[in-house]
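Residues per chain, in single letters:
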Amino acid sequence: MTTTTQNELETDVQVTPDGHARVVLHNQLDAQTAAACWSVLERNLGVPNLKTLEVDVSGLSHCDGAGFALLQYLNLGKMTPTAKVSVVGFNDKFEKVFREFTPADYTAFRPQNSTRKNSLPAEVGNAVAQAATDLYEQVNFLGDILINLPPTLVSRKRMRWPEVRRVFETAGANAVPIVSLISLLVGLIIAFESAQPLAQFGAQIYVANMIGLVIVRELGPLLAAILLAGRSGSAFAAEIGTMKVNEELNALETLGLDPIRYLVIQRLTAGILLTPLLACYATFMGVLGGVLVMLGLGFPLKLIFHQLSSAVHLNDVVFAAAKGVVFGAIVSGVGCLRGLQTKQGPSAVGISTTRAVVTSILLIIMADAVFSVVFFMLT
Amino acid sequence: MMTNASEPIIAVRNLKIGYGDKIILENVNFQVRHGEVFMILGGSGSGKSTLLKNLIGLYPPYEGEVWIEGADMVAARDDQRLLMFRKFGVLYQGGALFGSMTVLENVLLPLNEFTDLPEPVKELVALAKLKQVGLGAAAQKMPSELSGGMQKRAAIARAMALDPRILFLDEPSAGLDPVTSAGLDHLIKELSHQCGITFVIVTHELASIYSIADRIIMLDCQTRTVITEGQPAALREHADDPWVRRFFNREPDPIELPPPR
């Protein structure tokens with residue numbers, strides 16, 4: 001016979017050579033003692049071809065949910081599959097609780113191991129169908145915007161200009177410090193990194209030309225748009241997504257207000273107006289960074305400006321501003337669309353914001369590629 | 001730690017609570033006995049839920065003591081408070097089930113975190129708790145697939161996973177239809193009788209108060225303290241305070257209507 005005492009529980013295990021086992025439990029069987037009791041039973045009852053197991057619980061003074069679960073586990077024969085198990089000695093109160101959960105309940109309620117996985121063609125099909133649905137929704141959204149934009153723009157009351165001003169301030173004016181810092185540093189880094197290899201050819205003065213072209217044509221608008229996507233596109237998606245989860249969008253619709261007209265047009269307008277300004281500002285700060293490096297290398301300011309003006313023309317600046325308009329429309333439009341597509345559940349808003357940023361950046365880069373081709377063809 | 005059954009399981013002494021500079025309740029004193037269904041009542045904005053959050057240690061009170069099973073929640077260190085959290089379960093207004101987990105995984109969470117039980121035993125504990133609240137068949141469902149009443153029952157199962165001796169419920173009947181609400185009341189009464197669980201419930205549902213409350217206290221936002229304490233039936237008939245009588249008799253605030261034209 002093995003007797004083991006764990007804190008408040010005493011476990012006696014008796015196994016006869018002809019395959020009959022008896023377990024006697026005393027005192028408290030709870031969440032703390034049941035874990036240790038399990039180890040003792042597992043160690044002692046692992047006898048091959050055990051015929052019977054009797055568990056005597058008449059000595060138990062306290063048994064909680066974990067204790068009953070352990071007794072149920074033994075009673076179900078899970079630990080001793082070959083043995084006929086009986087749990088005896090319950091008082092009335094314990095008996096009632098124990099009998100409430102039956103072996104049939106265990107079979108019915110416990111998780112079934114369903115590891116059914118879709119085949120590769122099914123996975124590909126689902127992904128294509130999802131992409132097609134997303135494209136359809138994007139086109140639909142674009143159509144809704146084109147229908148709503150003109151009448152909303154001409155109606156002072158419907159446009160809600162104070163909301164446009166609020167978005168302009170939060171997405172634009174409040175973004176100025178971060179845009180300043182990042183653009184300045186990017187300009188500094190590009191100028192600094194390119195100055196060294198160009199020095200080998202005595203062509204350091206052309207750093208100014210390169211900074212002018214790279215920052216004005218590409219990086220200025222791109223940096224502004226990516227920062228806007230991370231900062232404000234995600235905010236639009238979260239804002240509208242939370243409204244959807246809270247049924248505020250349903251409330252708007254039942255009040256007779258179209259969410260596209262009431263929420264999206266304002267954000268889209270603010271995005272289209274502020275991104276060219278932000279792009280021009282980012283360009284200015286980037287060029288300033290490059291100019292600072294050139295000054296540090298000992299070039300006079302007048303010469304730097306001469307080089308810059310010979311490399312950068314007015315059409316480059318106009319093109320940068322045009323990119324800003326398109327990028328602004330992409331970021332604010334995608335942010336709002338992802339917000340409107342938000343589903344139910346605690347992670348829905350998080351998923352929408354992530355999708356807003358990823359789609360925005362993807363579309364910005366694609367639009368930038370198109371701009372490069374168009375610019376090449378025009379010049 | 002075993003507690004003497006003759007002692008109150010919860011004792012609140014001179015509690016003063018609020019947010020920032022705003023005092024919501026002061027001089028709050030009451031005791032909850034072992035195994036009783038104790039209700040905290042009051043009008044909207046009287047500080048019922050705030051009091052509950054102070055009782056369970058989520059917010060620190062300005063002054064006073066909250067003794068739960070012989071230990072002061074207010075004076076406890078952070079590590080001691082974490083241990084005290086295991087002595088009771090809490091049902092929040094919306095259920096607060098974790099949406100990314102199934103109902104069974106929600107109930108398993110405290111068992112996984114705080115016990116060394118083997119996996120099959122933990123699963124059996126969780127399934128038994130779910131059966132106790134009538135949700136055995138919903139074990140594999142996600143919380144979003146459940147109705148409001150089912151979510152609250154599942155949250156009660158989670159709160160009971162570690163067999164606490166006290167359950168705090170914040171407006172369990174809010175947003176439920178009368179049938180579901182009555183079912184929840186029945187469950188609370190059953191758990192109180194069968195398992196000896198002490199319930200502290202914040203509510204203003206009169207039907208629940210009459211059917212399951214053993215004792216109540218009522219809070220008042222004017223005086224910012226407990227204005228009455230006792231058994232609901234007795235208070236309904238014999239309360240001295242006119243506001244308490246109006247509350248129990250569902251009498252509206254007198255509104256001055258404009259004179260007819």
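Overview of the structure.

Remarks on the packing of aromatic side chains
By the definition in use, this model includes 14 aromatic pairs over all chains. Geometrically, the ring pair formed by phenylalanine 90 of chain A and phenylalanine 98 of chain A is tilted, given 4.7 Å between the ring centres and 35° between the ring planes. Judged by centre distance (5.7 Å) and plane angle (75°), the ring pair of tyrosine 19 of chain B and tyrosine 59 of chain B falls under edge-to-face. Of the two residues, tyrosine 19 of chain B is situated in strand 1 (residues 10-19) and tyrosine 59 of chain B in the loop between helix 1 (48-55) and strand 4 (63-68); the sequence distance between them amounts to 40 residues. Members of the aromatic cluster, joined through ring pairs, are Phe319, Phe327, Phe371 and Phe375 of chain A. The side chain of arginine 160 of chain A reaches across the aromatic face of tyrosine 262 of chain A, ending 3.8 Å from its centre.

Observations regarding the nonpolar core
Of all hydrophobic cores here, the largest spans 87 residues; its most connected members are Leu25 and Leu29 of chain A together with Phe248 of chain B. Not counting residues within four places of it along the chain, the set of residues in contact with leucine 25 of chain A comprises Leu9, Glu10, Thr11, Cys37, Val55, Asp56, Val57, Gly59, Leu60 and Leu71 of chain A. Counting 38 residues, the second-largest nonpolar core is a separate cluster that includes Ala229, Ile260, Leu263 and Ala367 of chain A.

What to know about the layout of surface pockets
Gaps left between atoms show up when a probe the size of a water molecule is rolled over them. Residues and elements named next belong to chain B. Space inside the second largest pocket adds up to approximately 580 Å³. Every residue lining the second largest pocket is counted, 21 residues in all, and those nearest its centre are Phe85, Phe88, Gly89, Val90 and Phe114. Those elements that provide at least two residues to the lining of the second largest pocket are helix 2 (78-85), strand 6 (88-91), helix 3 (103-114) and helix 5 (148-159). The biggest single contributor to the lining of the second largest pocket is helix 3, with four residues. Along the lines of polarity and charge, the residues of the lining of the second largest pocket split into 17 nonpolar, one polar and three charged.

Quick look at the interface of chain B and chain A
Residue-level contacts link 23 residues of chain B with 23 residues of chain A. Surface buried jointly by chain B and chain A totals about 1,900 Å² across both partners, of which 70% is contributed by carbon and sulfur atoms. Area buried by chain B at its contact with chain A is led by Leu124, Lys131 and Gln194 of chain B, which between them contribute 29% of it. On inspection of chain B and its partner chain A, the count reaches two salt bridges. Note that arginine 110 of chain A and glutamate 123 of chain B form a salt bridge whose closest N and O atoms lie 3.0 Å from each other.

Some points on the sheet that holds strand 10 (residues 225-230) of chain B
All names here are of chain B. The sheet built from six strands is open, its strands ordered 6-7-8-3-9-10 with mixed pairing. Looking at which strands have only one partner, the edges of the open sheet turn out to be strand 6 and strand 10. With direction set aside, neighbouring strand axes in the sheet form an average angle of 15°. Pairing of strand 9 (residues 215-220) with strand 10, which is carried by five bridges, proceeds in the antiparallel orientation. In the sheet register, isoleucine 217 faces strand 10, and the bridge partner there is glutamate 229. Running at roughly 150° to strand 7 (residues 166-170), helix 1 makes contact with strand 3 (37-42), strand 7, strand 8 (198-202) and strand 9 of the sheet.

Considering the pattern of salt bridges
Tallying each qualifying case throughout the model produces 25 salt bridges over all chains. Through salt bridges with shared partners, one network takes in Glu163, Arg166, Glu239 and Arg267 of chain A.

Thoughts on the pairing of strand 3 (residues 20-29) of chain A
All names here are of chain A. With seven bridges connecting them, strand 2 (residues 9-15) and strand 3 associate as antiparallel partners. Each residue of the ladder has a partner; that of threonine 11, found in strand 3, is leucine 25. Hairpin connection from strand 2 to strand 3: four residues lie between these consecutive antiparallel strands, with glycine 19 at a positive phi of about 90°. Of the strand pairs in this sheet, strand 3 and strand 4 (residues 52-63) are connected by nine bridges, and their pairing is parallel. From the neighbouring strand, asparagine 27 faces strand 4, where its bridge partner is leucine 60. With helix 1 (residues 31-44) bridging strand 3 and its parallel neighbour strand 4, the resulting β-α-β unit is right-handed.

Remarks on helix 9 (residues 207-245) of chain A
Approximately 50° is the largest bend angle found in helix 9 of chain A, and it occurs at isoleucine 215 of chain A. Downstream of helix 9 of chain A by a residue or two, glutamate 247 of chain A has a phi angle that is positive, lying close to 65°.

Describing the environment of isoleucine 255 of chain B
Position of isoleucine 255 of chain B relative to the elements: it lies in the segment after helix 9 (242-248). Considering only alpha carbons, one finds isoleucine 255 of chain B and phenylalanine 98 of chain B, 157 residues apart in sequence, at a separation of 43 Å.

Re the pairing of strand 1 of chain B
Residue and element names in this part refer to chain B. Bridge count for strand 1 against strand 2 (residues 22-32) is seven bridges, and the pairing is antiparallel. The partner of isoleucine 17 across the bridge, within strand 2, is leucine 25. Counting the residues between successive antiparallel strands, the hairpin from strand 1 to strand 2 contains two residues, one of them, glycine 20, with a positive phi of roughly 55°. For strand 1 and strand 4, the ladder comprises five bridges, and the chain directions are antiparallel. Bridged to arginine 13 within strand 4 is glutamate 65.

Definitions and cut-offs
- Residues numbered from 1 in each chain as written.
- Chains lettered and ligands numbered in written order.
- Predicted model: local features only at pLDDT ≥ 70, side-chain atom pairs only at ≥ 80, totals over all residues.
- Heavy atoms only, no water.
- Phe/Tyr/Trp six-rings, centres within 6.5 Å; stacked < 30°, edge-to-face > 60°.
- Helix = DSSP H or I, 4+ residues; strand = E, 2+ residues; numbered from the N terminus.
- Lys NZ or Arg CZ within 6 Å of the ring centre and 35° of its normal.
- Core = buried A, V, L, I, M, F, W, Y, C linked by side-chain atoms within 4.5 Å.
- Buried < 20%, exposed > 50% of the residue type's maximum accessible area, 1.4 Å probe, protein only.
- Contact = heavy atoms within 4.5 Å.
- 1 Å grid on protein atoms, 1.4 Å probe; cavity = no way out; pocket = protein on both sides within 12 Å on 5 of 7 lines; lining within 4 Å.
- Points joined across faces, edges and corners; volume = space filled by probe spheres on them.
- Nonpolar A, V, L, I, M, F, W, Y, C, P; charged D, E, K, R; others polar.
- Buried area = accessible area lost by both parts, 1.4 Å probe.
- Salt bridge = Lys/Arg side-chain N within 4 Å of Asp/Glu carboxyl O.
- Pairing = 2+ DSSP bridges.
- Axes fitted to C-alpha atoms, helices over the stretch in contact; angles between N-to-C directions.
- Right-handed = clockwise from strand over helix to strand, strands pointing away.
- Bend = angle between axes of the 7 residues up to and from the residue.

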